[in-house]
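Per-entry structural report
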Amino acid sequence: MTKLDLNFEPAEQLDLKDLNEHVLKAEYAIRGAIPMRAEQIQDQINLDPESVPFDKITTANIGNPQQLQQKPLTYSRQVVSVLQYPELLQHRDLLVKSGAYMPDALDRAKILLDKIGGSVGAYSSSQGVRGIRDTVAEYITRRDDGEPASPQDIFMTDGATRAVTYLLSLLCRGPQYGVLIPIPQYPVYTASLTLYNTAAIPYYLNEKSGWSTDAEEIEIQIKKTIAKGIKPSVIVVINPGNPTGSLLKPDVMEDIVTLAAKYGLVILADEVYQENVFSEGRKFYSFKSVLRSLQRRHKIIYDNVQLASIHSTSKGVFGECGQRGGYLELIGFRNSVREEILKLASLSICAVITGQAMVDLMVAPPTKGQPSYEMDKAERLAIHNTLKERGELLYNTFQELEGIECQRPQGAMYLFPRLYFSQKVYDAAKKADLQPDEFYCHALLESTGICVVPGTGFGQEEGTWHLRTTFLAPGTEWIQKWKAFHQDFYKKYAD
Ligand SMILES: Cc1ncc(COP(=O)(O)O)c(C=O)c1O
């Protein structure tokens, strides 16, 4: 029998007013109203397939390749399956003879198990498995043409998002501090800044010149912000860009590093699309390689630049979003600051171990001479080429249509076309209490099942309207459906 007095009015449940206002204000359009409506429609299709004029939802709203039939790379999945069940190694001959496993995948699993300490079911150190950080450091060194990387600077994370969270939670210090973000941008950045109650300082990318970044425009924004009494402390750069698909040139990157050196900005280089480069004759340059080159050419002025680079297993040709693998490389930070990042990492104990293993496999594929080499290389190339072709196809289709203007994809996995609307669309959108781009995207979803995200969710220059679509969905049927919808929409709303 309780000794407490039971004669009371029960306390109320929580209401929104009882919650953290910053969480309420944060928005993430990629999983916002339109994707939520798409989920409802999918449920409706499952219950009653005849109730909508299409048979499935095409999820072009999120860069989630394996949801759209991209096959995982065989070698890495073979290795990870053994990590989950190491007893398989006792049946090596059988597994190899039957063709179920390649011998080098089994060897790699053994090496990884040793690195991990025997079981993916055990925590690792908070910074991540040392042997995996060694592999990542070797990869970065190779990628940057011999510019050395150190495992001490690598932090393994649950996807790149966790790395963004660590950095912004540490660097955002309230509304009198600001973070420079590109517009349009990947909305995790604005959402995080809202959560951490820190000012977002937009710098606009130049659509007409392929969504290029203009350092002079950034400096103007920095000066304006300082004049308002807000201190810019971080600059976020997404390269290749999401949602724009643009690829930065080294001279622009040098300018950004110069601004970082001059104004004491930490560079948060979101480099998760570093493998997704499609422009002929162009290549990805890491911010680290650009910084090191500047440091070599100039004495002192670049010595204090602090750079955090993030990468992920979610994109590239790996597309292993659900495995939550990622890493963060810290360059130029004081030890005391790195210790705080480590503390943040230790609060979640460690990154998922299979995700860490996935990073190891992503950055160190089988090498020439190993039995899996040819197969792995062919699979990687096929995925890369398919993405490139799909991007081109969608781009070419947009070129044919009225009222839509699209920049050629240079990288990443998105197109961000601009939409020009008639007065009738503005009026209809207003009536529906939507922005014109939201109105178009809703109509596209309801007519075709194609789910994309309105430009409003990424930020866009006032008075302009866009949408973001991935080019991951297979086949051409959905593109034809979109084309037909678009033509009907423009006919229906012609002034
Ligand atoms: C620019 C950018 N950064 C980070 C992420 C998050 O990646 P992850 O799945 O590794 O958390 C994404 C995902 O789409 C992205 O587009």
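All values derive from a computational prediction rather than experimental measurement.

Cut-offs used in this document
- Residues numbered from 1 in each chain as written.
- Predicted model: local features only at pLDDT ≥ 70, side-chain atom pairs only at ≥ 80, totals over all residues.
- Near = placed C-beta within 6 Å.
- Helix = DSSP H or I, 4+ residues; strand = E, 2+ residues; numbered from the N terminus.
- Nonpolar A, V, L, I, M, F, W, Y, C, P; charged D, E, K, R; others polar.
- Pairing = 2+ DSSP bridges.
- Axes fitted to C-alpha atoms, helices over the stretch in contact; angles between N-to-C directions.
- Contact = placed C-beta atoms within 7 Å.
- pLDDT = per-residue confidence, 0-100.
- Core = buried A, V, L, I, M, F, W, Y, C linked by C-beta atoms within 7 Å.
- Buried ≥ 20, exposed ≤ 12 C-beta atoms within 10 Å, placed from the backbone.
- Domains from an automatic or database assignment.

With respect to the site of the ligand
Around the ligand, a shell composed of 13 residues is seen, among which Gly159, Ala160, Thr161, Ser312 and Ser314 lie nearest. The dominant element in the shell around the ligand, judged by the number of residues it contributes, is helix α7 (residues 159-171), at three residues. Class assignment of the residues belonging to the shell around the ligand gives a composition of five nonpolar, seven polar and one charged.

Quick look at the sheet that holds strand β7 (residues 307-312)
One open sheet accounts for seven strands, arranged β2-β8-β7-β6-β5-β3-β4; its pairing is mixed. Two strands lie at the open edges of the sheet, namely β2 (154-158) and β4 (199-204), each paired on one side alone. Neighbour-to-neighbour, the strand axes of the sheet open up by a mean angle of 25 degrees, direction not taken into account. Two elements, β2 and strand β8 (residues 325-331), share five bridges in a ladder whose sense is antiparallel. Its bridge partner lying in β8, Thr157 is registered against Gly326. Together, β5 (231-238) and β6 (266-270) form the strand contacts of helix α10 (residues 250-263), whose direction differs from that of β5 by roughly 160 degrees.

Overview of the confidence of the model for the chain
The share of residues in the chain with pLDDT of 70 or more is 100%, and the mean pLDDT across the chain is 94. Interface confidence for the predicted complex, given as ipTM, is 0.99, next to a pTM of 0.94.

Observations concerning the nonpolar core
Ranked by size, the top nonpolar core spans 123 residues in total, and within it Leu180, Val236, Val257 and Ile267 carry the most contacts. Here this core takes seven residues from helix α13 (residues 353-363), the largest share from any one element. The residues that make up this core include at least three from each of domain 1 (18-68 + 378-492) and domain 2 (115-363). Beyond its immediate chain neighbours, meaning those up to four positions away, Val236 contacts Val179, Leu180, Ile181, Pro182, Tyr189, Leu268 and Asp270.

Examining the environment of Glu271
Residue position: Glu271 is located in the loop between β6 and α11 (287-297). Overall, Glu271 belongs to the buried group, with 23 C-beta atoms counted inside 10 Å. Glu271 sits 33 residues away from Ile238 along the chain, and the two C-alpha atoms are 6.2 Å apart. If sequence neighbours within four positions are ignored, Glu271 has contacts with Asn239, Ser286, Ser309, Ile310 and His311.

Topic: the domain arrangement of the chain
Annotation of the chain at the domain level lists domain 1 (18-68 + 378-492) and domain 2 (115-363). Centre-to-centre separation of domain 1 and domain 2, based on C-alpha positions: 27 Å. At the junction of the two partners, domain 1 supplies 35 residues and domain 2 supplies 31 residues. Broken down by secondary-structure element, the contributors of at least two residues to the side of domain 1 that touches domain 2 are α1 (21-25), α14 (373-400) and β10 (414-415). For the side of domain 1 that touches domain 2, the leading source of residues is α14, giving six residues. Taken together, the residues of the side of domain 1 that touches domain 2 sort by class into 15 nonpolar, 13 polar and seven charged.

Considerations on the pairing of strand β14 (residues 465-470)
The buried fraction of β14 amounts to six of the six residues, a majority that puts the element mostly inside the structure. Because side chains alternate across β14, one face comprises the buried residues Trp465, Leu467 and Thr469, and the other comprises His466, Arg468 and Thr470, equally buried. Strand direction decides the pairing type here: β10 and β14, joined by two bridges, are antiparallel. Bridge pairing links Leu415 to Thr469 in β14. Sheet analysis places strand β11 (residues 418-419) next to β14, joined by two bridges and oriented antiparallel. By the bridge assignment for β14, Arg418 is matched with His466. Pairing analysis gives two bridges linking strand β13 (residues 453-454) to β14, with the strands arranged antiparallel. Paired with Pro454 across the bridge in β14 is Leu467.

Remarks on unusual backbone geometry
Peptide bonds are, in most cases, trans, and in most cases residues other than glycine have a negative phi. With an omega of 0 degrees, the peptide bond running from Ile183 to Pro184 counts as cis. With respect to the element layout, Pro184 can be found in the loop between β3 (177-183) and α8 (188-195). The step from Asn239 to Pro240 runs through a cis peptide bond, and the omega angle for that step is -10 degrees. In this fold, Pro240 is placed in the loop between β5 and α10. At Arg324, a position not held by glycine, the phi torsion is positive, near 55 degrees. Taking the number of C-beta atoms within 10 Å as the measure of exposure, Arg324 has 21 and is therefore buried. In this structure, Ile349 takes a positive phi of about 70 degrees despite not being glycine. Counting through the fold element by element, Ile349 comes out in the loop between α12 (335-347) and α13. Using a count of 10 C-beta atoms within 10 Å as the deciding quantity, one classes Ile349 as exposed.

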